[in-house]
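# Chain and residue survey
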Amino acid sequence: DNSGTIDGRDYVDLGLPSGTLWATCNVGANSPDEYGDYFAWGETQPKRDYDWYTYKYGGEYSITKYCTYSECGTVDNKIELEPSDDAATVNWGSDWQMPSREQCDELYNNSYTIISWTYLNNSEGLKITSKKNGNSIFLPAATSNPGYSRLGYYWSRSLYATYSCY
């Protein structure tokens with residue numbers, strides 16, 4: 001089955017080696033061309049101000065969770081989001097989670113997918129099409145910087161430990 005619904009959310013199977021089923025839209029969106037909600041990494045609710053002073057797990061150099069360097073805060077060496085800190089799991093249910101770094105790498109691997117810039121309705125973004133089965137997903141170029149429509153930042157559930165406090 002190449003597509004379906006889990007917990008009321010649509011997914012598509014791109015035929016990738018991991019078998020990952022990809023959501024057809026972002027958390028907080030009702031269709032693929034909508035940006036959805038913006039979250040700080042490890043937070044499950046959108047907010048108005050996204051900086052170190054409002055971060056749930058501390059500030060720059062005082063991180064209290066998901067920390068791998070003592071100069072950044074309290075080291076716990078957690079490098080994957082726990083389900084209680086995963087925006088997809090908390091907002092959509094236990095059958096959903098944010099993708100891992102490996103799943104993102106697989107998605108962007110040109111051995112498996114074709115990536116192109118396109119428009120869906122009035123939203124510019126990436127169309128990622130499976131080379132195996134022709135199915136695709138659309139990632140809108142969501143950015144908080146006006147004038148930079150060709151940018152899109154997406155979190156994975158994997159910590160980028162090299163820059164965890166910078």
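Figured I'd write up the structure that's included with this text. What you see is a predicted model, and the numbers here were worked out from it, not measured in a lab. (Residues numbered from 1 in each chain as written. Predicted model: local features only at pLDDT ≥ 70, side-chain atom pairs only at ≥ 80, totals over all residues. Heavy atoms only, no water.)

Moving on: the overall build of the chain. On a plain count of helices and strands, the chain comes out with two helices and six strands. When the elements of the chain are put in sequence order from the N terminus, they spell out β-β-β-α-α-β-β-β. Relative to a compact globule of 166 residues, whose C-alpha radius of gyration would be 15 Å, the chain shows 17 Å and is just as compact. Taken along its principal axes, the extent of the C-alpha atoms in the chain is 45 × 35 × 30 Å. (Helix = DSSP H or I, 4+ residues; strand = E, 2+ residues; numbered from the N terminus. Rg over C-alpha atoms; globule rule 2.2 N^0.38 Å.)

Glancing now at the sheet that holds strand E5 (residues 123-130). As summarised here, the arrangement of the three strands in space is E4-E5-E6, forming an open sheet in which the pairing is antiparallel. Looking at strand neighbours, the two that pair on one side only are strand E4 (113-120) and strand E6 (136-140), the edges of this open sheet. Mean inter-strand twist for the sheet, computed between neighbouring axes without regard to direction, equals 25°. Pairing of E5 with E6, which is carried by five bridges, proceeds in the antiparallel orientation. Bridge pairing in E6 links Leu126 to Leu139. (Pairing = 2+ DSSP bridges. Axes fitted to C-alpha atoms, helices over the stretch in contact; angles between N-to-C directions.)

On to the environment of Ser62, then. Along the polypeptide, Ser62 turns up in the loop between strand E3 (21-23) and helix H1 (87-92). Here Ser62 falls in the partly exposed class, since its relative accessible area comes to 39%. A sequence separation of 16 residues divides Ser62 from Pro46, and the C-alpha atoms of the two residues are 22 Å apart. With near-sequence residues (within four places) excluded, Ser62 lies in contact with Tyr57, Cys72 and Gly73. (Buried < 20%, exposed > 50% of the residue type's maximum accessible area, 1.4 Å probe, protein only. Contact = heavy atoms within 4.5 Å.)

A separate point is the side chain of Ser123. Relative to the assigned elements, Ser123 resides in strand E5. By relative accessible area, Ser123 is classed as buried at 10%. Reaching out from Ser123, the side chain makes a polar contact with the backbone oxygen of Asp33 at a distance of 2.6 Å. (Polar contact = N/O pair within 3.5 Å; in protein donor to acceptor, adjacent residues only side chain to side chain.)

Below, the discussion takes up the environment of Lys127. When you line up the elements, Lys127 lands in strand E5. Leave out the neighbours within four places in its chain, and Lys127 touches Ile114, Ile115, Ser116, Thr118, Ser136, Ile137 and Phe138.

We now examine a nonpolar patch on the surface. Residues Tyr35, Tyr38 and Tyr50 make up a contiguous nonpolar surface patch of about 290 Å² in total accessible area. Topologically, Tyr50 is positioned in the loop between E3 and H1. (Patch = residues over 30% accessible without salt bridge, like charges linked within 9 Å, V, L, I, M, F, W, Y side chains within 5 Å. Areas by Shrake-Rupley, 256 points an atom, 1.4 Å probe, with all protein chains shown as cover. Salt bridge = Lys/Arg side-chain N within 4 Å of Asp/Glu carboxyl O.)

As a further point, take the pairing of E5. Counting buried residues in E5 gives seven out of eight residues, a clear majority hidden from the surface. Here E4 folds back onto E5, and the loop between the two strands holds two residues, one of which, Asn121, carries a positive phi near 55°. Hairpin connection of E5 to E6: five residues between the antiparallel strands, including Gly134 at a positive phi of 80°.

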